[in-house]
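One letter stands for each residue in the lines below.
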Amino acid sequence: MNFFWEEFTMDMAWFDEMEGRIPHGEVRTRFAPSPTGYMHVGNLRTALYTWLIARHGNGKFILRIEDTDQGRLVEGATEIIYSTLRQCGLDWDEGPDVGGPVGPYIQTQRRELYGKYAQLLVEKGGAYYCFCEKTESEEDAGDFDRADDPCRDLPLEEARARVAAGEPYVIRQRIPRGGQTTFHDAVFGSITVDNDTLDDQVLIKRDGLPTYNFANVVDDHLMGITHVVRGSEYLSSAPKYNLLYESFGWEIPEYIHCSPVMRDAHNKMSKRHGDPSYEDLLAQGYLSPAVVNYVSLLGWAPKGENSEREFFTLQELSEVFDVAGISKSPAIFDREKLNYFNAHYLRAMAPEEFYAVAEPYLKEAVHAPQVDLKLLAPLVQGRCDTLRDIAPQVDFLDALPPYSNELYCHKKMKTNEENSLEALNAVLPVLEGLESWSYDAIHDALVGLAARLELKNGRIMWPVRTALSGKAVTPGGAVELCQLLGKEESLSRIRKGIQQLS
Ligand code: GLU
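Residues numbered from 1 in each chain as written. Predicted model: local features only at pLDDT ≥ 70, side-chain atom pairs only at ≥ 80, totals over all residues. Heavy atoms only, no water.

### Side note on the sheet that holds strand β4 (residues 170–173)
Strand order in the open sheet formed by three strands is β3-β4-β7, and the pairing between neighbours is antiparallel. Where the open sheet ends on each side, the last strands, each with one partner, are β3 (127–130) and β7 (202–204). For this sheet the average axis-to-axis angle between neighbouring strands, irrespective of direction, equals 40°. By the bridge criterion, two bridges tie β4 to β7 in an arrangement that is antiparallel. Bridge pairing in β7 places I171 opposite I204. (Pairing = 2+ DSSP bridges. Helix = DSSP H or I, 4+ residues; strand = E, 2+ residues; numbered from the N terminus. Axes fitted to C-alpha atoms, helices over the stretch in contact; angles between N-to-C directions.)

Right, dumping it as structure tokens:
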């Protein structure tokens, strides 16, 4: 019986060393995504709240990649996680790329360790080797009650002998029979369940890799995590996690389970339904700080003097964020509301900042070489919910669209087709004669003409703007459009207007 004993001898010094590495006395939170290739809004919110708790408490924010479910891995997914966090400003203190005192920070690189902890748990009576995996399907079909699993009561020596003989096995959690387990969640309060409703879940799979349910407990402990933020879909597993912590004799972290982000009253946001990821939102013309600000309020609300406030920078959020403000009710992702946030952020940008983000959109929409995009940008800045709203507003600059003469008729401006034709006929020689094509020169010429003819400015400006754009609404008025289009193109469009009205 001695031949396998060595294999199962616990190297307690190693466990002590692992314990010794755990940092204490600081807030430590972790974001633990699985690299499945898509940072959905709910994920981003979890990352944000997790980061905010760490920053609010002057603690550490840790990034851990949970890649033990090899079937769900997607190439490049870890890069999306990195880039999303970076673009959002959620910097991490420890993680796969930066290292840290309790690494490695990628679960597959911790593989050895879970096996050892599972063995320790077996030793402590909190888990057992199970050889009857074939009954899993029967269990699913309701033909087998795991409580009757003969492996649960196998003498440990016998189980070890079978393992040593090479028999495939899983390691399962031994849930106590009878009794109740209570856990506390900061959002949902205290929840008590009957142990008989909990299953002897698999901790170590046949391939030797841990399940999420085991790895998260071991890692959260070994990484010294003080606050666990995650989706409420994990609430039902929390009692089992508590039983694991108790079996190990470890301190249970504070749980903060967040309700899902919904696409409507009944459905969670999902990739399958085409709901946008963070990257999709950026591609749709949203600004990262606006998305982050909006997402912060999906299921959290500031309290006290800030209770009415909507706009926060990340830094401000880290000052005011408080777990007590997290709501139990699911939040609905509201595109209109996000637009409102985005419009606010766009308007609040300094002109150079706005130009930097708008430039690619302007370049894609306007090719006419004489149009100065730096002059155009401020004209659209206050008129966009998203950057995608730029193109349809400036499309007339490249080519005058066909338009109806009805556009010349404006009640308030007191313009009609007839007096518009008169106005354009009067404007044409004035502009033709202009030497400087500066804003002021154009402005003074048009205003001066209106004064000479004893007309209100609108009687001149409206027909000119219409002739230049062919649109009822434009960013900028007659003078700005003249300036943008340049002298030659402006005169040609005015001549075309005259022709069309004649
Ligand atoms: N890897 C899990 C997920 O992506 C993490 C859950 C947790 O934070 O514990 O859902």
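### Describing the pairing of β4
The alternating pattern of β4 places V170 and R172 and I171 and Q173 on opposite faces, both of which are buried. Judged from the four bridges that link them, β3 and β4 form a sheet pairing that is antiparallel. Within the sheet, the bridge partner assigned to A127 lies in β4 and is Q173. (Buried < 20%, exposed > 50% of the residue type's maximum accessible area, 1.4 Å probe, protein only.)

### Here we look at the nonpolar core
Formed by 100 residues in total, the largest nonpolar core has its most connected members in L376 and L431. The biggest single contributor to this core is helix α2 (residues 41–56), with nine residues. The residues contacting L376, other than those within four sequence positions of it, are L362, V366, V371, V394, L397 and L484. The next biggest cluster of nonpolar side chains, apart from the first, holds 47 residues, and it includes I62, Y114, F131 and C151. (Core = buried A, V, L, I, M, F, W, Y, C linked by side-chain atoms within 4.5 Å. Contact = heavy atoms within 4.5 Å.)

### Side note on helix α19 (residues 478–485)
Most of α19 is tucked away: six of the eight residues are buried. Taken together, the buried positions of α19 are A478, V479, L481, C482, L484 and L485. On its buried face, α19 sits against α14 (373–381), α16 (417–432), α17 (439–452), α18 (457–469) and α20 (487–501). Positive backbone phi, at 85°, marks G486, one or two positions downstream of α19.

### A short note on the site of the ligand
Close contacts around the ligand come from R30, A32, P33, S34, E66, Y212, V229, R230 and Y234, and that covers them all. With respect to the ligand, the side chain of S34 contributes an N or O atom lying 2.9 Å from a nitrogen atom. Between the ligand and Y212 there is a distance of 2.4 Å, counted from an oxygen atom to a side-chain nitrogen or oxygen. Bound to the protein, the ligand loses 86% of the 300 Å² it would expose on its own. Along the lines of polarity and charge, the residues of the shell around the ligand split into five nonpolar, one polar and three charged. (Near = heavy atom within 4 Å. Polar contact = N/O pair within 3.5 Å; in protein donor to acceptor, adjacent residues only side chain to side chain. Areas by Shrake-Rupley, 256 points an atom, 1.4 Å probe, with all protein chains shown as cover. Nonpolar A, V, L, I, M, F, W, Y, C, P; charged D, E, K, R; others polar.)

### What about the packing of aromatic side chains?
Summed over the entire model, instances satisfying the criterion amount to 23 aromatic pairs. Judged by centre distance (5.0 Å) and plane angle (75°), the rings of W14 and F15 are edge-to-face. For F15, a relative accessible area of 6% translates into the label buried. Taking 5.3 Å as the distance between ring centres and 75° as the angle between the ring planes, the aromatic pair formed by Y129 and Y169 counts as edge-to-face. Taken together, the residues span a long stretch of sequence, with Y129 in strand β3 and Y169 in the loop between α6 (156–164) and β4 at a distance of 40 residues. Take Y169: its relative accessible area is 26%, and that puts it in the partly exposed class. Here a set of aromatic residues connected by ring pairs shows up, and it is made of W14, F15, Y117, F214, F248 and W250. Between R162 and the ring centre of F131, over which it is positioned, the NZ or CZ distance is 4.2 Å. The lysine or arginine in question, R465, covers the ring of W462, its NZ or CZ lying 4.6 Å from the ring centre. (Phe/Tyr/Trp six-rings, centres within 6.5 Å; stacked < 30°, edge-to-face > 60°. Lys NZ or Arg CZ within 6 Å of the ring centre and 35° of its normal.)

### A look at unusual backbone geometry
The omega angle of the peptide bond from G103 to P104 is -5°, so this bond is cis rather than trans. With respect to the element layout, P104 can be found in the loop between α3 (77–88) and α4 (111–124). The phi angle at N58 is positive, at roughly 50°, despite the residue not being glycine. With respect to the helices, strands and loops of the structure, N58 is situated in the loop between α2 and β2 (60–63). With a relative accessible area of 73%, N58 lands in the exposed category. Its identity is not glycine, yet E454 carries a phi of approximately 55°, on the positive side. Topologically, E454 is positioned in the loop between α17 and α18.

### Overview of the environment of P392
For P392, the position within the fold is in helix α15 (residues 390–394). Classification of P392 as partly exposed rests on a relative accessible area of 46%. On a C-alpha basis, the gap between P392 and G20 in space is 62 Å, while along the polypeptide they are 372 residues apart.

### So, the pattern of salt bridges
The final tally for this structure, using the stated rule, is 23 salt bridges. A salt bridge links R30 to D220, with the shortest nitrogen-to-oxygen separation between them at 2.8 Å. You can see R30 sitting in strand β1 (residues 28–31) and its partner D220 sitting in helix α7 (residues 212–222), a full 190 residues away along the chain. Accessibility expressed as a relative area gives 1% for D220, which makes it buried. (Salt bridge = Lys/Arg side-chain N within 4 Å of Asp/Glu carboxyl O.)

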